[in-house]
Each structure stands twice: as C-alpha cells, then as structure tokens.
Amino acid sequence: MVVGLIMWLQVPAFICKSTSMLKRNNLKYAVCARYSQSQTARIQDSMQTLPKLLEDIVQTSISTGPRGAMRVAQGIQAFVGVGSEWLSDVSKVANSPRGLPTELQLGLLSPSYLRKLFERMGATYIKLGQFIASAPTVFPPEYVQEFQYCFDRAPPVPFQDIQAILREELGEQIDSVFEYVDPKPLASASIAQVHAARLRDTQENVVIKVLKPGIEDILVADLNFVYIVARILEFLSPDLSRASLVSIVQDIRTSMLEEVDFKKEASNVESFRKYLEAMGRTRQATAPVVYHQYSTKRVLTMERLYGVPLTDLTSVNKLVPNPETSLITALNVWFGSLLACESFHADVHAGNLWLLQDGRIGFLDFGIVGRISPKTLAAMDLFLGSLATEDYELMASSLIDMGATNTNVDSRAFAKDLKNIFSSIQNLDAEITVATAGNQRTNATAIAANVLVDERQMNALFLDLVRVSESYGLRFPREFALLMKQLLYFDRYTRLLAPKLNMLRDNRITIASTRRRNL
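Remember, predicted model here, so these are calculated numbers, not experimental data.

Participant: What's the story with the packing of helix H5 (residues 111-121) against helix H6 (residues 123-133) in this structure? I'm lost.
Facilitator: Where H5 meets H6, the axes come as close as 5 Å, and the angle between the chain directions of the two elements is 140 degrees. As far as their axial angle goes, H6 and H5 are oblique. Of the residues in H6, those in contact with Phe118, Glu119 and Met121 of H5 are Ala123, Tyr125, Ile126, Leu128, Gly129 and Ile132. Considering only residue class, the contact of H5 with H6 consists of seven nonpolar, one polar and one charged.

Participant: Explain helix H13 (residues 262-278) to me, please; I cannot follow it from the model alone.
Facilitator: Three- or four-residue spacings in an α-helix give side chains the same orientation, since the helix completes a turn every 3.6 residues. Under the 1.5 Å per step criterion, the end-to-end length of H13 is 24 Å for 17 residues, consistent within 8% with the ideal 24 Å. Along H13, the positions that sit buried rather than exposed are Phe262, Glu265, Ala266, Asn268, Val269, Ser271, Phe272, Tyr275 and Leu276. Regarding H13, its N-cap is Asp261, as a side-chain oxygen of that residue lies 3.1 Å from the backbone nitrogen of Lys263 further along. Looking at the residues trailing H13, positive phi occurs at Gly280, about 65 degrees.

Participant: In this structure, what is going on with the environment of Met380? I would like to understand it.
Facilitator: Following the sequence through the fold, Met380 ends up in helix H16 (residues 374-389). In this structure the C-alpha to C-alpha distance between Met380 and Phe480, which are 100 residues apart in sequence, comes to 7.9 Å. Among residues more than four places away in sequence, those in contact with Met380 are Met402, Phe480, Leu483, Met484 and Leu487.

Participant: Looking at this model, I keep getting lost on the pattern of salt bridges. Mind explaining?
Facilitator: Under the counting rule described, the total for this entry stands at 14 salt bridges. A salt bridge links Glu119 to Arg115; the nearest nitrogen and oxygen atoms lie 3.3 Å apart. Here Glu119 pairs with Arg115, and both are found in helix H5, just four residues apart, close to one helical turn. On the basis of relative accessible area, Glu119 is assigned to the partly exposed category, the value being 33%. Classification of Arg115 as buried rests on a relative accessible area of 13%. A salt bridge links Arg298 to Glu169, with the shortest nitrogen-to-oxygen separation between them at 3.0 Å. Placement of the pair is Arg298 in the loop between strand S5 (285-286) and strand S6 (299-303) and Glu169 in helix H8 (residues 159-170), with a sequence separation of 129 residues. Given a relative accessible area of 21%, Glu169 falls into the partly exposed group. Through salt bridges with shared partners, a single network forms among Arg115, Glu119 and Glu146.

Quick notes on the rules
Residues numbered from 1 in each chain as written. Predicted model: local features only at pLDDT ≥ 70, side-chain atom pairs only at ≥ 80, totals over all residues. Heavy atoms only, no water. Axes fitted to C-alpha atoms, helices over the stretch in contact; angles between N-to-C directions. Helix = DSSP H or I, 4+ residues; strand = E, 2+ residues; numbered from the N terminus. Parallel < 35°, antiparallel > 145°, perpendicular 65-115°, else oblique. Contact = heavy atoms within 4.5 Å. Nonpolar A, V, L, I, M, F, W, Y, C, P; charged D, E, K, R; others polar. Expected span 1.5 Å × (residues − 1). Buried < 20%, exposed > 50% of the residue type's maximum accessible area, 1.4 Å probe, protein only. Polar contact = N/O pair within 3.5 Å; in protein donor to acceptor, adjacent residues only side chain to side chain. Salt bridge = Lys/Arg side-chain N within 4 Å of Asp/Glu carboxyl O.

In structure tokens, the structure reads:
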C-alpha cells in the first residue's frame, strides 16, 4: 500500500519531466522540477509521520478489542439499510427529465441520509450528530440544520436492564439503598435515562441517572474508529491538517467520553454549587445535591428538585409575583459563572432551567459544560458590549480578536455585514403555543403557554454570523458557539417573561465583567 502511494505521488513529477523534454521548454521544465521537489518533500514528510500513524492505529485497535468487530458488523447492517432506502428513492426519480436532485447525487454523504445512518448506528453517532448540530463554527450549515433531529427523545431501555446496572454498580440489592425506584423513566436520552426514587435511610426523594447498557463500549469502539479514519485522512491529504481534522475529532472524543463519565458530571455539579455558595447566591439559585455514596461512573444519584420550566407561563406566575425578577436572577447566576466557576452550564434549554417551588432558579443536568479561555472571555465581553450599544465596528473588532485568521480583515465591511445580521434579531417573534388540558377531578382547564425554542431558527441566525465571519477568513473556537447558543436561549426567555427587558443593557444584570455595569 505504501509503495503504491509513493508511486502515485511520483507520477505527476514523471509526466512533467517527460513533457519538458519533449517541448524543450526551460521554463516549464523549471516549474515541473520545482513541483517534483515539492512532491518529494511531501513524500519524505509523509514517511516520517508513517511510524507514528501505524503506532496510533495499533494502540487504538488494541484498546478497542473484540467490540470493534461487532461494531463493524452493525455498521455494515446500518449502511445496507440506509443504502437500500437511498436506492429506492433514486429509482423513483431515475427517469425524471430534471435528473437526480443534489441530495440524491451526494448519496449517503448528503445531510439527510447521513443523519439517518447515524441514527441507525446508535448512541455514539447520535451524540456525534448532536455535536455537529451544536457546532456551526466547525460544520457546514446544511449538516448543522439537518442534525437538529438528533435531539429528539430516545426510546427507553427495559427497566430490568436498569435494575441490573444498579445492582452491579451499587454492589448490593437495590431495595437496601432505595425504598422504591419508579420503573417508568422521567426522561430518556441517547446515552442515559433518569428514574425517580426514594432513599431508604433518609426518606429523601432523589433522581437516578443511569448510563444505558453497553453504551461505554460502543462509544470507545466508535470513537476509536473515527479517530483512526481522521489520522489516515490527514496522512493521505496533509492539507486536512490545516483544517485541524484530528483536533476536531479529539475534541469530540473528549467531550463525549466526559459526558458518559458521571463522576465528572458530579464534579461539574459540585463546582457550580461551590460557586453559588462563594457568591452568596444559594437563596436565589441551586443545583441538585449529589449523593456520592450512591453514585459511580455509570450511576448518578441526585436530589430531586421540584419546579417548572421557565417557559411554563401559567405555573411561573403562580409561583412568583414577578417573573422578570426570576429571569434576572437566572441571567446573573449564569453570567457570573463565566468568570467565577471552573465551567459554565452549556445547555440551558427549558428542560434544564427551572423555577423551583420555593422561588429559586434550578440549574439541572451538567452533562454538557463549557470552559472558556481568558482570550475568548475578553473578546466575548467586548462583543456583548457592542451588541448592547449596537456598535458594530466594536463588534467586528472583538470577533476578529476571537477568531483565528491568517488574513487582514476589512473591519468596516465586516461591521456593515454584522449590522445586517443582528438587525434581524429584532424581527424574531417568540412563537407562543397555548395548550389546554382538562382535569377530570375538577373539570378545570389548565392553560400552559410555552415558547417553542426553534432550534432551526436559532441556528440559522448563528449560521449567518459564522458564514459571514468565515467569508473574512475567521474561524471561532467551539466555546464561542456554546456561549452564543445559551444567549439565544436566554433571549427567548426574555421575550416570554420580560418583553421590555434588555438583558444586555439593564443595570440589574452583570455580564462578564464589572465594566458592563457602566454601559
């Protein structure tokens, strides 16, 4: 294989030399000679990196073990299934005078078919799809939008499987720890599901987050395979190293493996609770208490918090006299964590941000967190200030400081394009859906209003920002995408709970640094 590769790399140089001899053109000969030299240098560089590549492949294969073969078989089955679906769709339009649509021409690499393939491949690839959907700074917009479907609820695993994991992880009978565990899950995601329970010794109500069976082995096998493919692609095409392909894969790998290690999630929760205590905010906000004696890498037992999502208008108004005050608390707590906490909550959708029955704000599910570098934080501070004052030249400057680029950016033209993008934010209306549900006991009608946080609309706005920035040669760190997505969530909550509030200019809200108070 290596010999064939070397011969393939040498062919263009041979052709160039032959052409030069035939035409006896010294200029062309010189050009081809330089091309031959560059190709030779490229081969030498490749040969130097080959031992490291082979070592990585061997070590990764050893760490994967027999489970790799099983996943290959499952992958082939998924590929055949989606491939058959693609062939069926092609046959339906094969005789069309317009020819095959672009979607079908791309085959299984098209956004929709690739998403379907990921879903058939299971938890790892669903999580990978969620990563793609959450990283518009890294992936093309068509894929970011299509992979939003990977956030849909996953089917639960049978309760007996959950019981088996609990017995194994706790090292004792379930009823010796818990008085009861509700067989019906409160929630089910791609990698874990959550059950309500009560502790036997203290009679406290808790929730148990359990890693689904076999998920860890599948993740390791799949992520190792993706890593090997990335390494081989960078070896065959060194230009891909400039796009940091392996770095992106390693980032995905680290992020996903952290999410299935509940000891790390427990650490994230504890870090956030310490931040609240240090800032004197425990009366305004909280995160669940972690019961470490009943938690492991695959099981996380936490205090059960009772409340409602911030988007449940009827319930929010019953719990507090002024929802705007609760929203301001949530904003100050979250913004403060950017500076004063080891990590920030990077998934504040309505299911993870509640108004509790005692009036406090509850932050739930710390499986996805972000860590922000000082450089990005400083640039983000300027960015938010410019957004509040509509100073688009300052905004352009802050984004240029944040993004990696090798080119000189026309900041004035960039500022003009940014103004066009952010003026559209003012035109985004919160879509309110009023749902009615009858109560058989009281014959009363409960009315709940919810903001439909349209992931597609939110990402479309951010994609516009990324697309324009990339046209100027800028590439942003993933942490910027995480920050922006949380800001868009809070923007929607503001439109629902406090329509007249400007979260970037209100003096009651402290954003990133004390300088923000003077805006």
